[in-house]
Amino acid sequence: MIDDMKRRAFLQAAATAPVALAASLHEDLPKYRIVSRFAPAAIPGMPGPYPGVVARVHAEKSIDEKSEKVDVPTVREMIAQGMRALTGDADARDSWARFFNSADVVGIKVNCSGAPGIMSTPEVVSEIVRNLGVVGVKPIQIWIYERFRDQVDSVHYDRYVPAGVHIWTAEHNRGSIAGYDPNTYVDVNFFGEDDTRSNLARPVVEHFTKIINVPNMKDHGASGVTGCLKNIAYGDFSNVARSHSGIKTNTYSLIGTLATVEPLRSRTVLGIMDGLRGVWHGGPFSPSRKFRFYPKQMMFGTDPVAMDRLLLDVIDDKRKAEHATSVWDRSLAHIKSGNGYDDNPNIDRYIREPGHIEYASTLGLGVYDLDKIQVRKIEL
Amino acid sequence: MLSFFLAALLPGLYWDQSPQTAEAVKKTGAERVYVPAGQEAAWKAAGIDAQAFDAAKFVKLPAPGVEYRMDVAAATSLPWVDANGWRMERDGGRCRYYYNVPWRKAALAAAEAYVYGVDAVVHPEARDVPALGQMLGFLRSIDGPGLPVLANIGIMDDGSDETGEVLNLLSRRNLMYRVIAAPDPKYDLNVQIGTKEFPKEEAADAYGFATLVRQKLTDEKRLLRIYGSDVVLGRLNGDDRRVRVHLINYGGGKVDGMRVRVRGEYQHGKVKAFAGQDAALTEYEVVDGGTEFTIPQMSVYAVVDLEK
C-alpha cells in the first residue's frame, strides 16, 4: 500500500535563476518554494516557439452585441487565419499539426469565472476541438477543464463538442483539494495562513501532454487584467484566492510564479485569447452586463506575456473611454469595501497589479516590451 | 510529556427521557449512563445500571462545531471553529465535562472527549442517539496501547482569559503544545507570556500571538500540518517508534482529499475513519524529514497510526 519514495522536490532550474533575478529587483516579494518532480521540456510551451509574436484577428460580425449570438463561420475563419498568421503556414491544418498529433492528450483550459455572462465561448472551444480532430486527436483524448464545477456546469460545453470529450473540474466541492496533485505545488506564506500550499490540477500532471489556454479579455480587480497568465496560473492551482485577502495583494508575483511550475509551463503550448466578449470592470466576474463589451477579436500565440501585454491596453483603453480609473491607478482613494465595486467602475477592492505581466517576463515566460512584440493583425 | 492518553475511556451518556426509552439507550452501547437523580431505580428495572447525574460535578462545554462569523472582522474568512481541546489541555485532566449538544453534534462531542482522554458525558438529542452509538462503537474499536501526548511547544499558563484564547488559537492552528509549569528544554519552543520574547501586550491579539508562536517555532518544526481543510484539528500521541494522529472534523460535512504531513519519517501507516468503510491512506510518502499522506474522505473523526 505504501510507496517508499524518495523526495523528488527541487527548485526548477529553469525558474530558479529568473526568480532570483526578479527577487533582487523586488526584495519584498514573498518567498516561494516550488515543489515538482518534472523537469522542463527542451523548449517549454511558454513562451514556446514564437516568443514575442501575437496574431490578432478582428471580425466585426463575430458576435452580435445585442443578442450575444456568435457567428460560427466567422469564428471558424478567425481561428484558421489566426493560426496561419502565427505559424506562417498556408494551410491551417499544418499550423495545428505543428502543435498537436494523434498521440496527444490535450487539455483545453477554459475560463468560466464570469459564466454565464462571459466565459471561453462554447463556439470557440468547439472549433478548437474540431481542429484537434483534424490532426488526429480523438474526442476521448481531449479534456475541457476548469477549477469550479458550478461555473462550468452553467456553460454546457457538452452541447457543443462531440461525445467522448471530457469535461472536468477540480473542485466539485469548493475547497476540496482531491482534484489536485499533492506532489506538485507552490508553498508560500502570505499572511500567516495555515494552508500554505497551492497544488496543480491532477490531469495536468497525470494525463495531459499538451494544453491550450483559452482565456477571455477581462478586467480583474486584484491583478489588473486576467488573460493568459492568470487563467493558466490561478485556473490550474488550488488555494490561490488567499493571494488577495488584503487591499495590497500578492497577485503581482504569484501569477507568474505559478505559471513557471512544471509540467504546466512546458505543456501549455498554445494560447487562444477569446475576446469576442470582454469585461472592462468587475472582473473576473460579470454579474452586470453594463460592464461587458465586445472587442470582437481573438489573439493567438505561444507567448502569454506578449498576449497579456496587448490585453492590458485593450482593457485600460476601454476603462479610459468609460471614464473609469486606470488599471495602473494605485491610489487608495478609490478602494472601498462592500458591494460598490460591482456597480461603480471608480470603486476598487484592491490595488490592481497589472505589473504581474512584466514580472512574469522576468521569469522567462515571454516578451513584455511592446517594441519587441510583433503583432500580426488580420481584419475580417 | 508524562500525561498519557487514556485509551479506554469512552464518553458517557446523559439521558433525561423516561426509562421506556431504555432500548434506544442500550443500542448506543454506552458503558456509562447518567440519568436525572431519583430515576436510577426505574432505569435499573429497565435493565440499565444508570447513575444519577450531578451537574455540579461537571464543567459544561460549548457544543463543538464551526460558525461563519461574517460580522466579526478578521484577517481571514476562515470559519470560526468551536473546539474544546484547549480547555481540556489547560485543565490537565482535573475536570469532568458535560456536553449538551444540538442535533448532529453528539458524535463530534464524543470524538473530541475521547481524543483528549477526558472524562465526559454527552447529552444528545433523541434523533442523534444512533449517531452517538455509532461513534461509541467506533471508538471502542480503536485498539492499541495508550501513548504519551506529543507536543513540541510548552506554554506556561497564567490562567487568564487572554492566555486561554491563545491556547484556543494554538489548537486551532494545529500547533502541538502542552501546558507546563516551567520552561522545559525538551520542547522546541517554550512560551512564557510576559517575557521579552512573548510580551503580554502581544497576547491581547490572540491571532497575532499564535502567528508569533508559529514563526518562532518555524513551519519546518511543526509536528502536524493539514492541507485542504480549515476545519480539521489534530492531536498526536506517540513514542520513539510510532505516532497516532487523531483528526477531528468540526465542519459538519465530509472532507475530501485532505493532505496531512507529520514530522518524522514513518514507513508504514494505516487509517481508521468513522463511517468510512475500507478507508486507506493514499499517496503516502516519506519526504524531507516528514511523512505525508492523503485521506480520500473523512467525516467526523479519523485516526491514523504511523510506524517506523
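Up top is the structure.
Residues numbered from 1 in each chain as written. Chains lettered and ligands numbered in written order. Predicted model: local features only at pLDDT ≥ 70, side-chain atom pairs only at ≥ 80, totals over all residues. Heavy atoms only, no water.

Undergrad: Looking at this structure, how should I read the pairing of strand β15 (residues 255-263) of chain B?
TA: Regular strands place their side chains on alternate faces of the sheet. All names here are of chain B. Taken across its nine residues, β15 has eight buried, putting it largely inside the fold. Where strand β12 (residues 224-227) lies against β15, four bridges are found, and the strand directions are antiparallel. Directly across from Arg225, in β15, lies its bridge partner Arg261. The sheet contact formed by β15 and strand β18 (residues 290-298) spans eight bridges and is antiparallel. The residue of β18 that forms the bridge with Arg261 is Glu292. (Buried < 20%, exposed > 50% of the residue type's maximum accessible area, 1.4 Å probe, protein only. Helix = DSSP H or I, 4+ residues; strand = E, 2+ residues; numbered from the N terminus. Pairing = 2+ DSSP bridges.)

Undergrad: What exactly am I supposed to notice about the environment of Arg277 of chain A here?
TA: Residue and element names in this part refer to chain A. Secondary-structure assignment places Arg277 in strand β11 (residues 268-279). Among the residues examined, Arg277 registers a relative accessible area of 7% and is labelled buried. With 156 residues separating them in the primary sequence, Arg277 and Thr121 have C-alpha atoms 8.5 Å apart. Every residue in contact with Arg277, bar those within four places of it in the chain, is listed here: Ile63, Glu68, Gly117, Ile118, Met119, Thr121, Met217, Arg292, Phe293, Tyr294 and Pro295. (Contact = heavy atoms within 4.5 Å.)

Undergrad: Would you mind showing me how to read the side chain of Glu285 of chain B here?
TA: One can find Glu285 of chain B in strand β17 (residues 282-287). Glu285 of chain B gets classed as buried once you look at its relative accessible area, which sits at 1%. Within the local environment of Glu285 of chain B, its side chain forms a polar contact with the side chain of Asn183 of chain A, the two groups lying 3.3 Å apart. (Polar contact = N/O pair within 3.5 Å; in protein donor to acceptor, adjacent residues only side chain to side chain.)

Undergrad: How should the interface of chain B and chain A be read in this particular structure?
TA: Contact with chain B, which involves 27 residues of that partner, is made by 25 residues of chain A. For the pair chain B and chain A, the two sides together bury roughly 2200 Å², of which 41% comes from carbon and sulfur. For the pair chain B and chain A, the interface holds four salt bridges. Across the pair Arg214 of chain B and Asp194 of chain A runs a salt bridge whose closest N-O atoms are separated by 3.9 Å. Viewed at the interface, chain A and chain B are joined by twelve residue pairs in polar contact (both at pLDDT 80 or more). The set of elements that each furnish at least two residues to the side of chain B that touches chain A consists of α8 (206-217), β12, β15, β16 (268-273), β17 and β18 of chain B. Counting residues per element, the side of chain B that touches chain A draws most heavily on β17 of chain B, which supplies five residues. (Buried area = accessible area lost by both parts, 1.4 Å probe. Salt bridge = Lys/Arg side-chain N within 4 Å of Asp/Glu carboxyl O.)

Undergrad: Explanation requested: the sheet that holds strand β11 (residues 189-192) of chain B in the structure shown.
TA: All names here are of chain B. Here three strands make up an open sheet; going across it, the order is β10-β9-β11 and the pairing parallel. Only two strands of the sheet have a single partner each, and these edge strands are β10 (177-180) and β11. When strand polarity is set aside, the average angle formed by the axes of neighbouring strands in this sheet is 25 degrees. Note that strand β9 (residues 153-156) and β10 share four bridges and pair parallel. (Axes fitted to C-alpha atoms, helices over the stretch in contact; angles between N-to-C directions.)

Undergrad: Explain the pattern of salt bridges to me, please; I cannot follow it from the model alone.
TA: Pairing is possible between side chains of opposite charge, provided their charged atoms come close. Under the criterion given, the structure shown has 49 salt bridges over all chains. For the salt bridge of Glu283 of chain B with Arg202 of chain A, the shortest nitrogen-to-oxygen distance reads 2.8 Å. With Glu283 of chain B in strand β17 and Arg202 of chain A in helix α6 (residues 202-206), this pair bridges two chains. Put simply, Arg32 of chain B and Asp119 of chain B hold a salt bridge, and the shortest N to O gap is 2.8 Å. Highlighted residues: Arg32 of chain B in the loop between α1 (22-28) and β2 (33-36) and Asp119 of chain B in strand β8 (residues 119-123), separated in sequence by 87 residues. Across this residue pair, the class does not change: Arg32 of chain B and Asp119 of chain B are buried. Each member of the salt-bridge network shares a partner with another, and the members are Asp194 of chain A together with Arg214, Asp219, Arg222 and Arg225 of chain B.

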